[in-house]
Structures are given as C-alpha cells and as structure tokens.
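Next come the chains, spelled out residue by residue.
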Amino acid sequence: MDSFVYHAPTRIVFGKDTVDRTGTELAAYAVKHVLLVTGGSSAKRTGAYDRVLASLKEAGIGHTPFEGVTPNPSLELVESGIDAARACKAKGVLAIGGGSVIDCAKAIAAGVYLDDYWAVVETRKPVTQALPVFTVLTLSGTGSEMNERAIITNEPLAKKWSLNGLCLCPKVSIIDPQLQAGLPWRLTASGGIDAMTHVMEYYFRGRLADAQTGYFHEETTLQICEGLLRSLILSLDELQKDGANYSARANLAWAACWGLNGLSGSGLSGGDWTSHALEHAVSGMYPAVPHGEGLAVLFPSWMEEVYDKVPDIFTRFARNVWGVDSPQQGLEATRAAFARWGAPQRLSHWNIPESAIPDMVKNAFAYRALGRLTPLSYDDVMRIFMRVL
C-alpha cells in the first residue's frame, strides 16, 4: 500500500429532519450572513428551501439568494456569484442542492479572494483561502458535500476543469435523505452511477501482492470499495422499485458521500480518473450532457479498452462486486446494470457527431495525464470514444 495522508474535516449531520438544524450548525461558526446558492425549483418543491430559511431566521442568520445554478455550472455563472457575494459582504456560502450547486458555491467561496478565478484554475495549484462553505444535500452522487474540489466549465474554451484546496471542504454538510424521496428516477440513477464510477476510478489501481492467495497490496481499501459498490448497486435496485424507500435513500446517500471523500482511495496512488477526463471533455463541449449519464456511456468503454492488460484487478472486481467469473463478464454486468437503470448507452443520445471526437480527445489529454493504470495512446482514446458513438 502506498503512503497517504487522510484528512476529512467536514462535519456531517445525517438523518431525518436534520435540515431543520441548518441554522444551529451555521451559528456555531459565527456566520451572520450567507450567500444562499440554489439551482432550479426542486429545493422549493421539496420544502427544503423554506425549512432552511426558517432555520436561518431562528438562528439570526441573514441571507442573500443566488438562484438558477444549472448542471455543469459555467464560469460566467460563478463570476456572477462572486460579485453577489462581495456585494452582500457574505461571511459564508450555503448551498442547497446537488453537486453542481455545491461546486458553484465552493467556486464562489474561493473566488471572492481571487482576482481571476480561471487563471488560478489553470495553474493547477490548490487554493488556500475561501469563505466557509455549508451544504444541504438534495441529490447524492458527486461527493462534493465532503470533498475539496469544485468543477466548473469555461464554456468558450470548452474546458470543464477543477479547483481544489482543503479550504473548499464544507464546514458542515446536512444530509437528510428524506429530501431526495421525490427525485425523478433519472436523477437518482445518474447520481448513483456517478458515485460508483468514483469508487471504481480508485479501485482499479489495485495491485496483486500474492498470486497464490489473491491478496492485494491495498486489501483493506479494496474491500471498502467493494462494499460501497455493492451497497450502491443494491440501493439503486431498491430505489428503482420504490423511490421513497428511506433505507435505500439513506444508504445511497452515505455510500456516495464516502465514494469521493478520500477514504476509498487511500493507498491507491490517487486512482486512474481517465474516464472522468473523457466525460469532462464531452460535457465541457456539450454542457447539456449530465455528468453521471456521460460516465455511464464512457466508463464501460474504458473498461473494455484496458481490462485485458490488467486482468487481476478486473477479475477481482467481477467476482467480488458482481459474482461473475471473468473481466469480460464484469464489464457486461456493469454495462447491463447501467442500462437497467435507464442510462444512455451511446454519445449519439445527445446528437454528438463523429466530427467532435478529435477535439474531445485533445481536451481530455489537456485536462490530465491519461492512462495511469495502463498507458493510453491517442488512438486508444479515440477508440474509447468511437466505440460508444
């Protein structure tokens, strides 16, 4: 197992009716006024918005609304939010929503201290100063409620890139699974698939230590990953039958949270993350592509490209996650589950033309080094895209 530092500073307040504790939790940080960041109408439709406002009022905390955050939030939107936070002299940023809303809130929180947000993104250096971030989670999947990253799209450049820094970790995240009971199935499935791919990006870096016993160098972390994956699969299957199943909602929310807070990657050399680079290249050019659905298309294609080069970890995945015998069967089980949950299977679902693929390949390589698990050439990456066009 590689050496690592694990630090998860976010306070999680989890369970039924915890949304009503929002004001009390913020008051502990002496925050008197927040920029309240939200997306569309879902926070108001579920009652989360009104309950948060009531809780803030009771705690004597003022707020300025910043509404209309869209999936794959844009740099332009973030810059508007930074202006709003500065204008109201916010002392913190509170997000009510899923990963896009939380990422936007984090970017705003850091941006108030930056002269040029995107210039800092392109340096790839962590930020060290941000307004305190708080979240009320209404859609599980991204893990943004407990990690140190914000992913924002610069639409003119077609770049969907991340900013990171421990100061972006939320101080407190409220996870009330009841708030997700009425979600459309498509959003639940997309979020769950996103969470699964986070775990798998780490998992496939596992290295066999003893061929006779099948013991891996990162045995503890790999078993954590397998447990998270099995829980996510079971929860999604149950929620497809009954979206109001509280136990399934709670388990999905908790597994997704742990999928990208660092624990599932401990000792795994930072993971591979090729598939995420590929998806960012897609939704950076086509922001209407939901992140989880894009991953549902691309991740199995990446698996198909590489599994025969590192068969040990893919055989383990097949057996311990899906109960099948071979890497090929593990791939087929993954692809079948994504299809069973209603995820798109091809890029053509969004009318993406073949002519766009070369630019996507270029943008993917620009985002990060690809092929940490096994080397990937330009032609390999072209093939991953073309296989699912």
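Every value quoted in this text rests on a predicted model; they were computed, and no experiment measured them. (Residues numbered from 1 in each chain as written. Predicted model: local features only at pLDDT ≥ 70, side-chain atom pairs only at ≥ 80, totals over all residues. Heavy atoms only, no water.)

(A) Inspection of the overall build of the protein chain at higher detail. Per the secondary structure count, the protein chain includes 15 helices and 10 strands. Taken over the C-alpha trace, the protein chain has a radius of gyration of 20 Å; the compact-globule value for 389 residues is 21 Å, and the two agree within 12%. Considering only C-alpha atoms, the protein chain reaches an extent of 60 × 45 × 40 Å along its principal axes. Of note, the protein chain has its 35 positive side-chain charges centred 4 Å away from the centre of its 40 negative side-chain charges. (Helix = DSSP H or I, 4+ residues; strand = E, 2+ residues; numbered from the N terminus. Rg over C-alpha atoms; globule rule 2.2 N^0.38 Å. Lys, Arg positive; Asp, Glu negative; His and termini not counted. Charge placed at Lys NZ, Arg CZ, Asp CG, Glu CD.)

(B) Quick look at the sheet that holds strand β4 (residues 92–97). Read from one edge of the open sheet, 6 strands run β1-β8-β5-β4-β2-β3, paired in parallel fashion. Each having just a single partner strand, β1 (11–14) and β3 (62–66) make up the two edges of the open sheet. When strand polarity is set aside, the average angle formed by the axes of neighbouring strands in this sheet is 20°. The sheet contact formed by strand β2 (residues 33–38) and β3 spans 5 bridges and is parallel. Bridge assignment links L35 to a residue of β3, and that residue is T64. Across the sheet, helix α5 (residues 99–111) lies against β2, β3, β4 and β5 (133–137), angled at about 170° from β4, the strand it touches most. Each of β1 and β8 (172–175) touches helix α9 (residues 246–259); the most contacted strand, β1, lies at about 170° to it. (Pairing = 2+ DSSP bridges. Axes fitted to C-alpha atoms, helices over the stretch in contact; angles between N-to-C directions. Contact = heavy atoms within 4.5 Å.)

(C) Layout of a nonpolar patch on the surface. Taken together, M1, F4 and Y6 make up a surface patch of nonpolar side chains, about 290 Å² in accessible area. Along the polypeptide, Y6 turns up in the segment before β1. (Patch = residues over 30% accessible without salt bridge, like charges linked within 9 Å, V, L, I, M, F, W, Y side chains within 5 Å. Areas by Shrake-Rupley, 256 points an atom, 1.4 Å probe, with all protein chains shown as cover. Salt bridge = Lys/Arg side-chain N within 4 Å of Asp/Glu carboxyl O.)

(D) Looking closely at the packing of helix α7 (residues 185–203) against helix α11 (residues 291–306). Interaxial distance between α7 and α11 falls to 7 Å at its minimum, and their mutual angle equals 55°. Looking at the two axes, α7 sits oblique to α11. Read as a crossing pair, α7 and α11 show a hand that is left-handed. Between α7, through R186, S190, I193, D194, T197, M200 and E201, and α11, the contact on the second element is made entirely by H291, G292, E293, L295, A296 and F299. Across the contact of α7 with α11, the residue classes tally to 5 nonpolar, 4 polar and 4 charged. (Parallel < 35°, antiparallel > 145°, perpendicular 65-115°, else oblique. Left-handed = near helix turned anticlockwise from the far one by under 90°. Nonpolar A, V, L, I, M, F, W, Y, C, P; charged D, E, K, R; others polar.)

(E) Structural detail: a negative patch on the surface. A cluster of acidic residues, E76, E79, D83, D115, D116 and E155, forms a negative patch on the protein surface. Here D115 lies in the loop between α5 and α6 (117–123).

(F) Broad picture of the side chain of T197. Examined against the element boundaries, T197 turns out to sit in helix α7. Here T197 falls in the buried class, since its relative accessible area comes to 0%. Here D194 takes part through its backbone oxygen, which lies 2.8 Å from a polar atom of the side chain of T197. Dropping the residues within four chain positions of it, T197 is found in contact with H276, L295 and F299. (Buried < 20%, exposed > 50% of the residue type's maximum accessible area, 1.4 Å probe, protein only. Polar contact = N/O pair within 3.5 Å; in protein donor to acceptor, adjacent residues only side chain to side chain.)

(G) Highlighting helix α14 (residues 357–367). Turning to α14, its buried residues are I357, M360, V361, N363, A364 and Y367. Down the axis of α14, the buried set is contained in an arc of 165°. They therefore lie on one face. Buried residues belonging to α14 abut β7 (159–164), α10 (274–285) and α15 (378–387). (Arc of directions from axis to C-beta.)

(H) Quick peek at the packing of aromatic side chains. With the rule as written, the count across this model stands at 16 aromatic pairs. Summarising the aromatic geometry, the rings of F204 and F314 are spaced 4.1 Å apart at their centres and angled 15° between planes, so their arrangement reads as stacked. One end of the pair, F204, is in the loop between α7 and β9 (208–210); the other, F314, is in helix α12 (residues 311–322), with 110 residues separating them in the sequence. Residue F204 is classed as buried on the basis of its relative accessible area, which comes to 0%. Judged by relative accessible area, which is 1%, F314 ranks as buried. Aromatic pair F338 and W341: ring centres 6.2 Å apart, planes at 40°, arrangement tilted. Taken as a pair, F338 and W341 share a single burial class, namely buried. Site record: aromatic cluster; members linked through ring pairs are Y203, F204, F299, W302, Y307, F314 and F317. Taking NZ or CZ as reference, K16 lies 4.6 Å from the ring centre of Y246, over its face. (Phe/Tyr/Trp six-rings, centres within 6.5 Å; stacked < 30°, edge-to-face > 60°. Lys NZ or Arg CZ within 6 Å of the ring centre and 35° of its normal.)

(I) Focus on the packing of α7 against helix α8 (residues 219–241). It is the contact of α7 with α8, at a shortest axis distance of 10 Å, that shows an interaxial angle of 165°. In terms of axis orientation, α7 runs roughly antiparallel to α8. With respect to the hand of their crossing, α7 and α8 are arranged in left-handed fashion. Contacts between α7 and α8 involve W185, T188, A189, G192, I193, A195, M196, V199, M200 and Y203 on the former and, on the latter, L222, C225, E226, L228, L229, L232, I233, L236, L239 and Q240. Of the residues contributing to the contact of α7 with α8, the split by class is 16 nonpolar, 3 polar and 1 charged.

(J) A look at the pattern of salt bridges. Tallied over the full model, the rule gives 21 salt bridges. For R51, the salt bridge is made with D17, and the minimal N-O distance between the two is 3.1 Å. Highlighted residues: R51 in helix α3 (residues 48–58) and D17 in the loop between β1 and α1 (22–27), separated in sequence by 34 residues. One salt-bridge network, held together by shared partners, links E304, E305, R335, D380, R383 and R387.

(K) Main features of the nonpolar core. Membership of the largest hydrophobic core comes to 108 residues, with the highest contact counts inside it found for Y117, M196, F204, W302, L347 and F385. If sequence neighbours within four positions are ignored, L347 has contacts with V282, V297, I352, I357, F385, V388 and L389. By size, the runner-up hydrophobic cluster in this structure holds 19 residues, among which are V34, Y49, F134 and I174. (Core = buried A, V, L, I, M, F, W, Y, C linked by side-chain atoms within 4.5 Å.)

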